[in-house]
Amino acid sequence: MNIQQPAAKVNWATGNLEGKKVSKTVRKLKHLEGVFADEEAYSSMDPETVVYEVEVLEQEQPGKEGGLLFGTSYLYPGKVGDEYFMTKGHFHEKRDRAEYYWGIRGSGLLLLMDEQGVTTAEQVFPGSLHYVPGHIAHRLVNTGSEVLAVGACWPSDAGHDYGSIADRGFTARVKESGGKAATETG
Ligand SMILES: O=P(O)(O)OC[C@H]1O[C@H](O)[C@H](O)[C@@H](O)[C@@H]1O
Ligand SMILES: [Fe+2]
């Protein structure tokens, strides 16, 4: 029998993925236009500021039916005005596709919004496990002072629909108020 190498190597303490099929994406402030409420604060900041990075094990071709993708997101601590750094957030292009998220390092919130615009939030911490059902948009928010590392596993044909978020946004924002995180709806 021929013993093969595994798909990748994961550092479970940091989320770091190593392997031939691991891709990396860097999202800077300049890629997040219109995401944060305070446009004045946004335009006064360095557009090259890195907000988050994503490592994805592309074991299957994204778009292919039947496979799974696996990744880690690293969301840096920071704020635009009083609003914490967050990911763009998305619905899946194939709306019924679900996903698991789990907290690895740091602390934050996972915002979950249904198609009617009702948003709920879950606490993210090392060891937290989050089930994101289909038809639910998801966005991570780093409310802490260290990097928020979150793992994810999702169907390779799920795709990302950022457009619906860009058009209407999430119906809740997470801002610092009196030194702690508070959610704001409306
Ligand atoms: O795609 P964003 O909303 O920017 O979130 C960043 C990434 O977070 C997770 O790792 C998801 O599983 C990825 O599919 C997603 O791309
Ligand atoms: Fe997703």
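Cut-off values and rules
Residues numbered from 1 in each chain as written. Chains lettered and ligands numbered in written order. Predicted model: local features only at pLDDT ≥ 70, side-chain atom pairs only at ≥ 80, totals over all residues. Heavy atoms only, no water. UniProt positions renumbered as here; feature names shortened; annotations may be inferred. Helix = DSSP H or I, 4+ residues; strand = E, 2+ residues; numbered from the N terminus. Core = buried A, V, L, I, M, F, W, Y, C linked by side-chain atoms within 4.5 Å. Buried < 20%, exposed > 50% of the residue type's maximum accessible area, 1.4 Å probe, protein only. Donors = N, O, S within 2.8 Å, 3.2 Å for Na, K, Ca; no water. Tetrahedral: all angles 85-135°; square planar, octahedral: opposite > 155°, others 65-115°. Pairing = 2+ DSSP bridges. Near = heavy atom within 4 Å. Polar contact = N/O pair within 3.5 Å; in protein donor to acceptor, adjacent residues only side chain to side chain. Areas by Shrake-Rupley, 256 points an atom, 1.4 Å probe, with all protein chains shown as cover. Nonpolar A, V, L, I, M, F, W, Y, C, P; charged D, E, K, R; others polar. Axes fitted to C-alpha atoms, helices over the stretch in contact; angles between N-to-C directions.

The name given to the chain in an unreviewed UniProt entry is glucose-6-phosphate isomerase, with Melghirimyces profundicolus as the source organism. Quoted verbatim from the Catalytic activity (unreviewed entry) field of UniProt, the annotation for the chain is "alpha-D-glucose 6-phosphate = beta-D-fructose 6-phosphate". Taken directly from UniProt, the Pathway (unreviewed entry) text for the chain runs: "Carbohydrate degradation; glycolysis; D-glyceraldehyde 3-phosphate and glycerone phosphate from D-glucose: step 2/4."

It is worth spelling out the UniProt feature "domain: Glucose-6-phosphate isomerase prokaryote" (unreviewed entry) in the chain at this point. With numbering matched to this structure, UniProt assigns "domain: Glucose-6-phosphate isomerase prokaryote" (unreviewed entry) to residues 26-179. Across residues 26-179 one finds 8% helix and 43% strand; the C-alpha atoms that close the span lie 29 Å apart.

Of all hydrophobic cores here, the largest spans 37 residues; its most connected members are F36, V51, L75, V80, L110, L140 and V141. Among the elements of the structure, helix 1 (39-44), strand 4 (50-57), strand 5 (68-75), strand 9 (108-113), strand 12 (137-142) and strand 13 (148-155) are those that each provide at least two residues to this core. With five residues, strand 9 is the single largest residue contributor to this core. Residues F70, Y74, I104 and V147 belong to the second largest nonpolar core, which totals nine residues.

Turning our eyes to something else, we now look at the coordination of the iron ion (ligand 2). At 2.0 to 2.3 Å from the iron ion (ligand 2) lie its protein donor atoms, namely H90 (NE2), H92 (NE2), E99 (OE) and H138 (NE2). Between the four donor atoms coordinating the iron ion (ligand 2), the angles at the centre fall across 84 to 166°, so the site counts as irregular. One chain supplies every donor to the iron ion (ligand 2), and in sequence these donors are spaced H-x1-H-x6-E-x38-H. With H92 in the loop between strand 7 (83-84) and strand 8 (99-105) and H138 in strand 12, this residue pair connects regions lying 46 residues apart in the sequence.

Moving on, we get to the pairing of strand 14 (residues 172-177). Direction of pairing for strand 14 relative to strand 15 (residues 180-185): antiparallel, over a ladder of six bridges. In the sheet register, V174 faces strand 15, and the bridge partner there is T183. Hairpin connection between strand 14 and strand 15: a loop of two residues separates the two successive antiparallel strands, and G178 in this loop has a positive phi of roughly 60°.

Lining the immediate surroundings of ligand 1 are 14 residues, of which Y52, S73, E99, H160 and Y162 lie closest. Between ligand 1 and E99 there is a distance of 2.4 Å, counted from an oxygen atom to a side-chain nitrogen or oxygen. Y162 places a side-chain nitrogen or oxygen 2.5 Å from an oxygen atom of ligand 1. Relative to its unbound accessible surface of 370 Å², ligand 1 loses 95% to contact with the protein. When residues of the shell around ligand 1 are traced back to their parent elements, those giving at least two are strand 4, strand 8 and strand 13. Across the shell around ligand 1, the residue classes tally to six nonpolar, five polar and three charged.

Let us look at the sheet that holds strand 10 (residues 119-124). Taken in spatial order, the three strands make up an open sheet running 10-9-12, and their pairing is antiparallel. If you trace the sheet from one side to the other, it starts and ends with strand 10 and strand 12, each paired once. Averaged over all adjacent pairs, the angle separating strand axes in this sheet is 25°, with direction ignored. Both strand 9 and strand 10 contribute to a ladder of six bridges, which runs antiparallel. What sits directly across from L109, in strand 10, is Q123.

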